[in-house]
Amino acid sequence: MSVEAQNKVLEILDKMNIPYKVIRHPAVFTIEEMNNLQIEHMDKVAKNLFVRDDKKRKYYLIVMRNDKSANLKELRHKIGSRPLSFAGDDDLKHYLKLSKGEVTPFGALNDTDNIVTVIIDSDLEGCEFIGVHPNDNTATVWIAAGDLVKVLKDKQKDIMFVHI
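Predicted model only: the values in this text are computed from it and were never measured.

Draft legend 1. Here's a closer look at the sheet that holds strand β7 (residues 139-143). Strands sit in the order β1-β7-β6 across an open sheet of 3 strands; the sheet is antiparallel. A strand with exactly one partner marks an edge of an open sheet, and here the two such strands are β1 (21-24) and β6 (130-132). Neighbour-to-neighbour, the strand axes of the sheet open up by a mean angle of 25 degrees, direction not taken into account. The sheet contacts of helix α1 (residues 3-15) involve β1 and β7, and relative to β7 the element is tilted by about 15 degrees.

Draft legend 2. Focus on the nonpolar core. With 34 residues, the main nonpolar core has Leu13, Phe50, Phe106 and Ile143 as its most contacted residues. Elements represented by at least two residues in this core include exactly α1, β2 (46-53), β3 (59-65), α4 (89-96), β5 (116-121), β6, β7 and α5 (145-154). Looking at this core element by element, the count peaks at 5 residues for α5. In contact with Ile143, not counting residues within four places along its chain, are Leu13, Ile18, Pro19, Phe106, Glu128, Phe129, Ile130, Val132 and Leu148. One finds Tyr60, Met64, Leu72 and Ile164 within the second-largest nonpolar core, a separate group that totals 12 residues.

Draft legend 3. Focus on the pairing of β3. With 6 of its 7 residues buried, β3 lies for the most part within the structure. Sheet analysis places β2 next to β3, joined by 7 bridges and oriented antiparallel. Each bridged residue has a counterpart across the sheet, and for Arg52 the counterpart in β3 is Tyr59. Connecting β2 to the next strand, β3, in antiparallel fashion are 5 residues, including Lys56 with a positive phi near 60 degrees.

Draft legend 4. Expanded view of the environment of Val151. Tracing the chain through its elements places Val151 in helix α5. A sequence separation of 139 residues divides Val151 from Ile12, and the C-alpha atoms of the two residues are 8.0 Å apart. Those residues in contact with Val151 that lie beyond four places of it in its chain are Ile12, Leu13, Met16, Ile18, Phe106 and Leu109.

Draft legend 5. Fine view of the sheet that holds β3. The sheet built from 5 strands is open, its strands ordered β4-β2-β3-β5-β8 with mixed pairing. In the strand order of this sheet, the two ends are held by β4 (84-86) and β8 (158-162), each with one partner. On average, each strand axis in the sheet is tilted by 30 degrees relative to the strand beside it, whichever way the strands run. Sheet analysis places β3 next to β5, joined by 5 bridges and oriented parallel. What sits directly across from Val63, in β5, is Ile120.

What counts as what
Residues numbered from 1 in each chain as written. Predicted model: local features only at pLDDT ≥ 70, side-chain atom pairs only at ≥ 80, totals over all residues. Heavy atoms only, no water. Pairing = 2+ DSSP bridges. Helix = DSSP H or I, 4+ residues; strand = E, 2+ residues; numbered from the N terminus. Axes fitted to C-alpha atoms, helices over the stretch in contact; angles between N-to-C directions. Contact = heavy atoms within 4.5 Å. Core = buried A, V, L, I, M, F, W, Y, C linked by side-chain atoms within 4.5 Å. Buried < 20%, exposed > 50% of the residue type's maximum accessible area, 1.4 Å probe, protein only.

Written out as structure tokens, the structure is:
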């Protein structure tokens, strides 16, 4: 996206008096590329996936520890969904206003139709801080997991905690 997208997220955090730290870096599109940056607390950077059901009626933004992988068949049963698969670039652009490599829980703020449910790995619940992009993959925001949830709930976003 852009510095404008970053600033919009940071303005929301500032207005809500939520503490955060932001670091800027070259654009990254994968967790592997983030690892190559050798930033401090890399183990706290979240992995984010955008998936949909087979009828394209339900969309989910999954936020989890970066050392995990999501078993979509297992997750489907945990959340009571139809079969899940990765959403395409068009869906990502349409619902979250993001491009491939920019997926972040803050993308849910762009979902004006409230179609997307944010699924947060229960292992992240209560974390002192996690790293996520501020709707742009040239920066990482460090924020308490509880504060991230507070922002999403303040904007009336659906959130589920699930063990992934």
